[in-house]
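# Observations on the model geometry
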Amino acid sequence: MDIYLPIAEVSVNWPLLVLLGATVGFVSGLFGIGGGFLMAPILIFLGIPPSVAVASQASHVVASSTSGVINYTSRKLVDYKIGAIMALGGVVGALLGVELFRYLRLLGQADLAVALSYLLFLGAVGALMLYESLGQILRRVRGEVAPHKERRRPLWLYGLPLRMRFPRSGLYISVIPPIGLGVFVGMMSAIMGVGGGFILVPAMLYVLRMRAQVVVGTSLFQIIITTAMTTVLQAGRNQTVDIVLSTILLLGGVVGAQYGARLSGRFRAEELRALLAIIVLLVGIYMGLELFVRPSDLFSFAPGIAE
Amino acid sequence: MIQALPPPPPAIEAPAPERSVATTDQVRVAAAMTDARVMVDSSFRGASIVLYGAVFNPTARPADVVVVVRGPDGPVRLVKKTRNMGVWLNSRPVLFEGAPGFYMTASTRPLGDIADFGQLRRLGVGVDHLRIAAPEESRTVTRYGVRDVVVSRLGEDYLDYRRAVIRLREAAALYNSDPKGVQFVDKGLFRAEVDLPAVAPTGQYFAEVWLFQDGEPVSVSNLTLTVEKVGIERDIFEFAQRRPWSYGVLCVLLAMFTGWAASRIFRRN
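Calculation rules
Residues numbered from 1 in each chain as written. Chains lettered and ligands numbered in written order. Predicted model: local features only at pLDDT ≥ 70, side-chain atom pairs only at ≥ 80, totals over all residues. Heavy atoms only, no water. Pairing = 2+ DSSP bridges. Helix = DSSP H or I, 4+ residues; strand = E, 2+ residues; numbered from the N terminus. Axes fitted to C-alpha atoms, helices over the stretch in contact; angles between N-to-C directions. Buried < 20%, exposed > 50% of the residue type's maximum accessible area, 1.4 Å probe, protein only. Contact = heavy atoms within 4.5 Å. Buried area = accessible area lost by both parts, 1.4 Å probe. Salt bridge = Lys/Arg side-chain N within 4 Å of Asp/Glu carboxyl O. Polar contact = N/O pair within 3.5 Å; in protein donor to acceptor, adjacent residues only side chain to side chain.

## Description of the sheet that holds strand 14 (residues 203–213) of chain B
The strands making up a sheet associate through hydrogen bonds between their backbones, and the pairing can be parallel or antiparallel. Residue and element names in this part refer to chain B. Spatial strand order, 2-15-14-4-8-11: 6 strands in an open sheet with mixed pairing. A single partner strand is all that each edge strand has here, and the edge strands are strand 2 (37–40) and strand 11 (175–178). Averaged over all pairs of adjacent strands, the angle between their axes in this sheet comes to 15°, without regard to strand direction.

## Structural notes on the pairing of strand 8 (residues 103–107) of chain B
All names here are of chain B. Counting buried residues along strand 8, 5 of its 5 residues qualify, which places the element largely inside the surrounding structure. The alternating pattern of strand 8 places Y103, T105 and S107 and M104 and A106 on opposite faces, both of which are buried. By the bridge criterion, 5 bridges tie strand 4 (residues 64–70) to strand 8 in an arrangement that is antiparallel. Residue pairing in the sheet places V69 in a bridge with M104 of strand 8. Where strand 8 lies against strand 11, 4 bridges are found, and the strand directions are parallel. Across the sheet, T105 pairs through a bridge with S177, a residue of strand 11.

## Regarding the interface of chain A and chain B
Chain A puts 57 residues into the contact, and the matching count from chain B is 54 residues. Across the chain A to chain B interface the summed buried area is about 4,800 Å²; carbon plus sulfur atoms make up 68%. The largest share of the area that chain A buries against chain B comes from Y4(A), F299(A) and F301(A), three residues that together contribute 17% of it. Our enumeration of links across chain A and chain B arrives at 1 salt bridge. The salt bridge involving D2(A) is made with R45(B); its shortest N-O contact spans 3.2 Å. Counting across the interface, chain A meets chain B through 6 residue pairs in polar contact (both at pLDDT 80 or more).

Here it is, written out as structure tokens:
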């Protein structure tokens, strides 16, 4: 039941990969996220070289996001205008990120960059999300009314030039913050191999203050463009995309995503968020742990050969 | 500062006794492998090849057989984790050259019993005698009036690094030494197994079968082995290497198509 992966140059158990794809797909459908943050660490744990894992699973994110966007488009819940502007930033970010990652690999510091980004971003987002959703659950249990939300928009965002109207999101803001957000997420996508939904969604909700209904669909649309760009760049610049690996993951992933999406209606939003927060936090801590635990072997091979 | 050992000549240049004419009074060895080509396809999980041969030994003195198989050389970059302010960080990568991608020895006895250190080093036989070096780290200096002393920038760590290359490869089953790997099945007939793990690099492998008598090499037989990707694996690999941009675009299109197809199929249900 093993299959040899031509680019990763290792042989893996393929039913296990299908199952992994299905599980991550299920999680991504359930929470409306790409699931890349979960997939990359598990692939590395299974013995796939990290650079191949990060690059190959990006196309898994493309597939699950495509499914999602089609779904949200049919319900008119995608703001293509702001999505395209963020994607523009995302493409620039992906270009910068792939070059940065290439340079870090040559320095032998790619592991450090990956571990640190997981620890920082997943740790911070997971902790914030857990705090917020637990608070909401507690209030509901106690029967309290949610405190009045501060709806005033931050001045620094709205004082910027180049303002544009985004009717579907209910916004009239400068294009600089969405582009900046896109660049940031594009870079993360290249370094961590994630779509970046877990950063995008809160940023779009709380910083850009878009209408909540269009946030997930629009973020998925932006993620398709950014991760598609990352995949092409990783293949073109680093030759680290394994089409056999990504296809196996895809097959499980798209099926899992559909079942996850169906099940998500049965839970309350804050319960789902609390659960997602725990997963995000655990993955962040797991990936960051290698910085603090004494390695079993002090030496290791660094990928990439200086040209 | 550890002085790098003077590099021994490569095994290929070692004077192999001329054995062009079969003579009955001379000690010699002949060998062959069950497979001269190993094909890496989608079901590849490593391969086990049997190397077999015969020893012609008309003399009364016993002879030892040593089988050496080496894969294609490739530079490796090694990093060492060090603790800085409670965090384990990688050092700068050190480039090592001369490390074969695969290396195994099999012999009738431990190598140290068959021949002495100098002889093994000269022939490059044994994991400890590989010519692994970090040329970018070394420079020649004059020390205590002695010219052309080779010192390494890695200083005392140099041997640790060098040993780590071997240890990491041994952990991946790429380096292997079996002091009982050559077994005599009948008088003068021996066999040894060459186990290639799934991570074995592709390329040309060289096998040397040495015959030692009283610690001296008396005969050698050279064989080659090719490990290559075949079928769809080869096509995919070559496509990814030669047309990387089209390959990337294809991957993305495939992913988008799968996502689209999934949403179509599941909507109908």
